[in-house]
Amino acid sequence: MNPPQSRTHHPLFQVMVTYLRGFDTGTAPDGFAIRHRPVAVRRTPFELLLNLREEYHPDGQCAGIRGEMVYAAELFDRSTVESVVAAMTTSLEAMCSAPDSGVIPRGNAIARW
């Protein structure tokens, strides 16, 4: 499938999100170490590609989630992508600070889901 693209509507069907969950590095044979080395994505067949991955401290404790947004420069400018990332970050921080409240920010207001 190769649907026609238009700048008049959001290309939601051409957005990809990946999430790499943590993995067990304690299964390496003696004398070996397993380390995750992410490779930066330079090009994508999608208009937007959001890669997220869990990060851990050496002792195995959670250190947060890192991500990158790869976008088609002919469709989006950097400031637009930065504002999308900022809105997503704000929403995730609000959800994580009170996970049972069901409150997420919408624009300048707080909304319930």
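As the structure is a prediction and not an experimental result, all values here were calculated from the model.

Colleague: Teacher, can you tell me more about the overall build of the chain here?
Modeller: From N to C terminus, the chain includes one helix and five strands. Listed N to C, the secondary structure of the chain is β-β-β-α-β-β in terms of helices and strands. Considering the chain as a whole, with its 113 residues, one finds that 19% of them fall into the buried category. For the chain, the proportion of contacts with a sequence separation of at least 24, taken over those separated by at least 6, is 39%. If you sum the accessible surface of the chain, you get close to 9,300 Å²; carbon and sulfur atoms cover 56% of it.

Colleague: So what exactly am I meant to see when it comes to the sheet that holds strand β2 (residues 48-56) here?
Modeller: Two modes of strand pairing occur in sheets, parallel and antiparallel, and in both the strands are linked by backbone hydrogen bonds. Pairing within the open sheet is mixed, and its three strands lie in the order β1-β2-β3. Looking at strand neighbours, the two that pair on one side only are β1 (15-20) and β3 (62-71), the edges of this open sheet. For this sheet the average axis-to-axis angle between neighbouring strands, irrespective of direction, equals 15 degrees. Helix α1 (residues 78-97) rests against β2 and β3 of the sheet, and its axis sits at about 150 degrees to β3.

Colleague: Whenever I open this one, the pattern of salt bridges confuses me. Can you help?
Modeller: Where charged atoms from two side chains of opposite charge come close, those side chains can pair. Per the counting criterion, the structure on display carries three salt bridges. Between Arg-53 and Glu-55 there is a salt bridge, and its shortest N-O distance comes to 3.1 Å. The salt bridge partner of Arg-78 is Glu-82, with a shortest N-O separation of 2.9 Å. With Arg-78 and Glu-82 both in helix α1, this residue pair falls four residues apart, about one helical turn. Classification of Glu-82 by relative accessible area gives partly exposed; the value is 43%. Each of the salt bridges in this network shares a partner with another, and the network as a whole consists of Arg-53, Glu-55 and Arg-66.

Colleague: Sorry, what's going on with the confidence of the model for the chain here?
Modeller: Caution applies to low-pLDDT regions: their predicted coordinates should not be interpreted in detail. In the predicted model, the chain carries a mean pLDDT of 76, and 72% of its residues have values of at least 70. Across residues 108-113 the pLDDT falls below 50, and counting only partners more than four positions away or on other chains, this stretch makes 14 contacts in the model.

Conventions adopted
- Residues numbered from 1 in each chain as written.
- Predicted model: local features only at pLDDT ≥ 70, side-chain atom pairs only at ≥ 80, totals over all residues.
- Heavy atoms only, no water.
- Helix = DSSP H or I, 4+ residues; strand = E, 2+ residues; numbered from the N terminus.
- Buried < 20%, exposed > 50% of the residue type's maximum accessible area, 1.4 Å probe, protein only.
- Contact = heavy atoms within 4.5 Å.
- Areas by Shrake-Rupley, 256 points an atom, 1.4 Å probe, with all protein chains shown as cover.
- Pairing = 2+ DSSP bridges.
- Axes fitted to C-alpha atoms, helices over the stretch in contact; angles between N-to-C directions.
- Salt bridge = Lys/Arg side-chain N within 4 Å of Asp/Glu carboxyl O.
- pLDDT = per-residue confidence, 0-100.

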